[in-house]
Amino acid sequence: MNEKLITVTSPLLPDFKCFEDYLQEIWNSKWITNNGSFHKKLEAALCEYLKVPYISLFTNGTLPLITALQALRITGEVITSPYSFVATTHSLWWNGIKPVFVDIDPATGNLDPNQIEVAITPKTTAIMPVHVYGKPCDTQRIQEIANKYGLKVIYDAAHAFGVEVNGESILNAGDMSTLSFHATKVYNTIEGGALVIHDEQTKKRIDYLKNFGFAGETEVVAPGINSKMDEVRAAYGLLNLKQVDAAIEVRHQIAIKYRKALHNVEGVAFFDDMPGVKHNYSYFPIFIDVEKYGMTRDELYFKMKEHDVLGRRYFYPLISTFSTYRSLPSAVPENLPHAYQMADSVICLPMHHALSEKEVQKVLEIIVK
Ligand SMILES: *Cc1c(COP(=O)(O)O)cnc(C)c1O
């Protein structure tokens, strides 16, 4: 790989020697998967760190979405955002559910609560919002609408690891929240994910569902899937949990530098911190106004690339434009003006724990003319 290349993200890796010690322990025990001791330890440690009552570990961040829909017996239509990673909508498709796209609030990038009610039909059974870039959705408004119409709420919280509002975890909102521990995320287990659950009964049911539906040695209570996290990745995850706070603080400092330097750049917008919110600084998206900046988003994106700086057009294109979804009535551009606007102007800047001061300055030199 090009030594000079500045990547948009870099995986947080545990200390190799410590990981080796854990591997030795796993080898000695010969218990490598199926709810072993590291799996149990990681579930307990994550509950404490995230301030949530129950968590169930998964092999990735997509299967918790699919499994949550199964567990809550969601059918018919689900209201969701086109401004997300494809896995959000794919999870609906894999359950035979029709996605109904609703536009985003341009101030946050999240599903606009004011647009939800008009999209509700007799077939609607749930809302699946996304905490985009880890910025909390208006969970109170969304819950009010859900209560009024008798809908479930499943949050795709893949970006929202550790995010809190007024001291409470955002992951406690709705009926369930899902997490991704993919290598590119703030906290990773290489591949991995989890479901955050609010009660013991549901936690039990989720644990059955991620293990083929087995409720005992000979009893199968549902057509479950296999999505268990193994011991090796649970051990890796335990080590990474110890250093994630420090990694988030480095990201925070980088966000401060980016904001300070971009503050006076005409045509470059970005998000500020929200009052009362503990952010995780998972991404640093900027939004280009062609008229004011004098360059299109793509021109800047490729200029960065020429200088060995890899941004990411995240999220672009919108999910609603992919072949699977574009014939849906809710996918028409006129229904989603703010989502189009954001997808066409966004670049996520390099943001990770290993980014040096020099690298941050190089990224800024390219953008600040
Ligand atoms: C990463 C991500 C997922 C999927 O997670 P995987 O662990 O890659 O399966 C789902 N939704 C969003 C918003 C994501 O960013």
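Per chain, residues are indexed from 1 in the order of the written sequence. Only residues with pLDDT of at least 70 get local features here, since the model is predicted, and only at 80 or more are side-chain atom pairs given and counted; chain-wide, interface and lining totals rely on the full set of residues. No hydrogens and no water enter the side-chain calculation; it runs on all heavy atoms of the structure.

K.L.:
So what about the environment of L310? Which residues, and what values?
P.N.:
Its location among the elements puts L310 in the loop between α9 (297–306) and α10 (337–345). Throughout, exposure labels follow a simple rule: accessible area from a 1.4 Å probe, protein chains only, divided by the maximum for the residue type, with under 20% read as buried, over 50% as exposed, and the rest as partly exposed. L310 gets classed as partly exposed once you look at its relative accessible area, which sits at 26%. Sequence separation between L310 and Y281 is 29 residues, and the spatial gap between their C-alpha atoms is 18 Å. Residue contacts are defined here by distance: any two heavy atoms, one from each residue, within 4.5 Å place the two residues in contact. Every residue in contact with L310, bar those within four places of it in the chain, is listed here: L5, I6, T7, V8, K305 and P350. Labels follow the DSSP assignment, with helices taken as runs of H or I lasting at least four residues and strands as runs of E lasting at least two, numbered in each case from the N terminus.

K.L.:
Just give me the short version of the packing of helix α7 (residues 231–262) against helix α11 (residues 357–367), but keep the residues and values in it.
P.N.:
Put simply, α7 and α11 touch, their axes get as near as 11 Å, and they point 30° apart. For the element pair α7 / α11, the angle class is roughly parallel. Judged by the twist between their axes, the crossing of α7 over α11 is right-handed. Side by side, α7 and α11 meet where I254, K257, Y258, A261 and L262 of the first sit next to E357, V360, V363, L364 and I367 of the second. Along the lines of polarity and charge, the residues of the contact of α7 with α11 split into eight nonpolar, no polar and two charged. Note on method: axes are straight lines fitted to C-alpha atoms, helices fitted across the in-contact stretch only, with angles between N-to-C directions ranging 0 to 180 degrees. Any angle from 65 to 115 degrees is called roughly perpendicular, while one under 35 is roughly parallel, one over 145 is roughly antiparallel, and all others are oblique. Each crossing is labelled by how the near helix is turned from the far one, with a counterclockwise turn of less than a right angle marking it left-handed and a clockwise turn marking it right-handed. Think of it as three bins: nonpolar holds Ala, Val, Leu, Ile, Met, Phe, Trp, Tyr, Cys and Pro, charged holds Asp, Glu, Lys and Arg, and polar takes everything else, Gly as well.

K.L.:
How would you sum up the pattern of salt bridges? Please name residues and give values.
P.N.:
One side-chain nitrogen of Lys or Arg within 4 Å of one carboxyl oxygen of Asp or Glu is enough to make a salt bridge. Evaluated as defined, the whole model comprises 15 salt bridges. The partner of E117 in a salt bridge is K148, with the nearest N and O atoms 3.0 Å apart. With a gap of 31 residues between them, E117 in the loop between β3 (98–101) and β4 (124–128) and K148 in helix α5 (residues 139–149) connect regions that are remote in the sequence. The partly exposed category is assigned to E117, whose relative accessible area is 28%. The class for K148 is exposed, based on a relative accessible area of 58%.

K.L.:
Now, about the domain arrangement of the protein: what can you tell me, with residues and values included?
P.N.:
Split into domains, the protein comes out as domain 1 (16–102 + 109–241) and domain 2 (244–367). An automatic or database domain assignment is the source of the domain bounds shown. The C-alpha-based centres of domain 1 and domain 2 are spaced at 25 Å. Taken together, the contact between domain 1 and domain 2 spans 34 residues of the former and 34 residues of the latter. Each of two parts loses accessible area, computed with a 1.4 Å probe, when they are put together; buried area is these two losses added. Across the domain 1 to domain 2 interface the summed buried area is about 3100 Å²; carbon plus sulfur atoms make up 65%. The three residues of domain 1 that bury the most area against domain 2 are Y83, F101 and Y133, which together make up 25% of that side's buried surface. Applying the counting criterion to the domain 1 and domain 2 interface returns one salt bridge. One salt bridge in this structure joins E164 and K278, with 3.7 Å as the shortest N-O distance.

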